[in-house]
Amino acid sequence: MASNTRHLDFWVNTVTFSVENCLFRVPREPFQRESKFFRDKFSSLQGDGGEVEGLSDEKPIRLDGVKKNDFEQLLKVLFRRTHTLLPDLSLNTEQWTSILKLSTAWSFQEPRQTAIDALTNEVCAVNRVVLAQKYNLEELLLPALNELVQRPKPITMEEAVQMGLGTGFKLASFREEVAIQRASKIKGKNGRKLGGSMQNSFVANCSGNSPLQVIDFSDRIRVAFGLSVGPPIGQTPLNASQTDSTVSVHPAGSAPL
């Protein structure tokens, strides 16, 4: 009797994960193809007697430090691309942030970029700065900082605290320099010195037809914040200090939940 062979397109190799004591059995292929983190784990994790973790409910791969909800959001993006029966994604900011966190930690390039694009469109500049600082995203940080310097509305103390006082003060400094330069030009044209209240108005508001909105501060921001051309997506791993808790992988039974 001839032995069976596996169909090249319609035979699915699955893997079982345990996240917060919940089992997920999902196709292994996107993890294997897109994430070096998981390729390394699949090749290194072995159970007693040579049994490979992840092949059964009894021997799942445990993703310690990962939240069940975060993992669910990442799976939605991973499998929406290949399974057309899944509905169109309609995710909120918190869900996209979950995807960003795990895709950065595990070097999933396409889901990571999808999350960055979604957050760029949905999140205000201040919150984008906070996310960019937390997950080391220069491609998100630089445009957000530039937008904050260029806007007519001044940086508030609440926003400075949210981003970090150092960041807020640097942004305010850029805005103040342009305001003072503008005030100096007006002084030169009028041939007289501006009064204190008028100059303070320029410094604080720089509103209306603001020169800030037509100036690209990218080079200044790069120098002030020590930014450079960012590394390719997926080559900046997420470390423990950038997550809610340390993300680690263990075979079932090797470490407490």
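Residues numbered from 1 in each chain as written. Predicted model: local features only at pLDDT ≥ 70, side-chain atom pairs only at ≥ 80, totals over all residues. Heavy atoms only, no water.

Focus on the nonpolar core
Then step 1. Counting residues in hydrophobic clusters, the biggest one holds 55 residues, and the most contacted among them are F17, F31, L63, F71, W106 and I221.
Then step 2. Ranked by the residues each element gives to this core, the list is headed by helix α7 (residues 138-150), at 7 residues.
Then step 3. If sequence neighbours within four positions are ignored, I221 has contacts with L142, L145, N146, V149, F174, G226 and L227. (Core = buried A, V, L, I, M, F, W, Y, C linked by side-chain atoms within 4.5 Å. Buried < 20%, exposed > 50% of the residue type's maximum accessible area, 1.4 Å probe, protein only. Helix = DSSP H or I, 4+ residues; strand = E, 2+ residues; numbered from the N terminus. Contact = heavy atoms within 4.5 Å.)

Topic: the environment of E147
Then step 1. Mapped onto the fold, E147 is located in helix α7.
Then step 2. A sequence separation of 69 residues divides E147 from D216, and the C-alpha atoms of the two residues are 9.1 Å apart.

Focus: a nonpolar patch on the surface
Then step 1. Together, M157, V161, L165 and F169 line one region of the surface with nonpolar side chains, adding up to about 420 Å² of accessible area.
Then step 2. Elements represented by at least two residues in the nonpolar patch include exactly α8 (157-163) and α9 (165-190).
Then step 3. Among the structural elements, F169 can be located in helix α9.
Then step 4. On the accessibility criterion, F169 (53% relative accessible area) is exposed. (Patch = residues over 30% accessible without salt bridge, like charges linked within 9 Å, V, L, I, M, F, W, Y side chains within 5 Å. Areas by Shrake-Rupley, 256 points an atom, 1.4 Å probe, with all protein chains shown as cover. Salt bridge = Lys/Arg side-chain N within 4 Å of Asp/Glu carboxyl O.)

Some thoughts on helix α5 (residues 109-122)
Then step 1. For α5, built from 14 residues, the straight-helix expectation of 20 Å at 1.5 Å per residue is met to within 8% by its first-to-last C-alpha distance of 20 Å.
Then step 2. Looking only at α5, the buried set comprises P111, R112, A115, I116, A118 and L119. Projection of α5 onto a plane perpendicular to its axis shows the buried side chains occupying an angular sector of 170°, all on one side.
Then step 3. Residues of α5 that are buried sit in contact with α1 (29-34), α3 (68-80), α4 (93-105), α6 (125-135) and α7. (Expected span 1.5 Å × (residues − 1). Arc of directions from axis to C-beta.)

Brief notes about the side chain of T97
Then step 1. With respect to the helices, strands and loops of the structure, T97 is situated in helix α4.
Then step 2. Overall, the relative accessible area of 17% leaves T97 in the buried class.
Then step 3. Among the polar contacts listed, one links the side chain of T97 to the backbone oxygen of T93, at a separation of 2.8 Å.
Then step 4. Setting aside anything within four residues of it in sequence, one finds T97 in contact with L119, L131 and Y135. (Polar contact = N/O pair within 3.5 Å; in protein donor to acceptor, adjacent residues only side chain to side chain.)

Quick word on the environment of K153
Then step 1. Structurally, K153 is set in the loop between α7 and α8.
Then step 2. According to the relative accessible area criterion, K153 is partly exposed, its value standing at 49%.

Concerning the packing of aromatic side chains
Then step 1. Counted under the stated rule, the structure contains 15 aromatic pairs.
Then step 2. The interplanar angle of 80° and the centroid separation of 5.8 Å between the aromatic rings of F31 and F108 together place this pair among those described as edge-to-face. Highlighted residues: F31 in helix α1 and F108 in the loop between α4 and α5, separated in sequence by 77 residues.
Then step 3. Given the relative accessible area of 0%, F108 is considered buried.
Then step 4. For the ring pair F71 and W106, a centre distance of 6.1 Å and an interplane angle of 80° mean the geometry is edge-to-face. (Phe/Tyr/Trp six-rings, centres within 6.5 Å; stacked < 30°, edge-to-face > 60°.)

Concerning the pattern of salt bridges
Then step 1. As enumerated under the stated definition, the model contains 10 salt bridges in all.
Then step 2. Residues D40 and K36 are paired through a salt bridge, measuring 2.9 Å at the closest nitrogen-oxygen approach. Placement of both D40 and K36 in helix α2 (residues 36-44) is noted, with a separation of 4 residues, approximately one turn of the helix.
Then step 3. Among the salt bridges present, the one from R128 reaches E147, with a minimum N-O distance of 2.6 Å. Taken together, the positions of R128 in helix α6 and E147 in helix α7 put the pair 19 residues apart, joining distant regions of the chain.

Focus: the packing of α7 against helix α11 (residues 218-225)
Packed helices, taken two at a time, are described by the angle between their axes plus the distance between the axes.
Then step 1. For the pair α7 and α11, interaxial distance at closest approach is 10 Å and the crossing angle is 115°. Crossing hand, α7 versus α11: right-handed. Only S218, I221, R222 and F225 of α11 make contact with α7, whose side of the interface consists of E138, L142, L145, N146 and V149.
Then step 2. Of the residues belonging to the contact of α7 with α11, the class tally is 5 nonpolar, 2 polar and 2 charged. (Axes fitted to C-alpha atoms, helices over the stretch in contact; angles between N-to-C directions. Left-handed = near helix turned anticlockwise from the far one by under 90°. Nonpolar A, V, L, I, M, F, W, Y, C, P; charged D, E, K, R; others polar.)

Looking at the confidence of the model for the protein
Then step 1. Confidence in the prediction of the protein, expressed as mean pLDDT, is 77, and 70% of residues score 70 or more.
Then step 2. Residue range residues 83-87 is modelled with pLDDT below 50. Its contacts to residues more than four positions away, or to other chains, number 3 contacts.
Then step 3. Considering only residues more than four positions removed or in separate chains, one finds that residues 230-257, a stretch of pLDDT under 50, has 62 contacts. (pLDDT = per-residue confidence, 0-100.)

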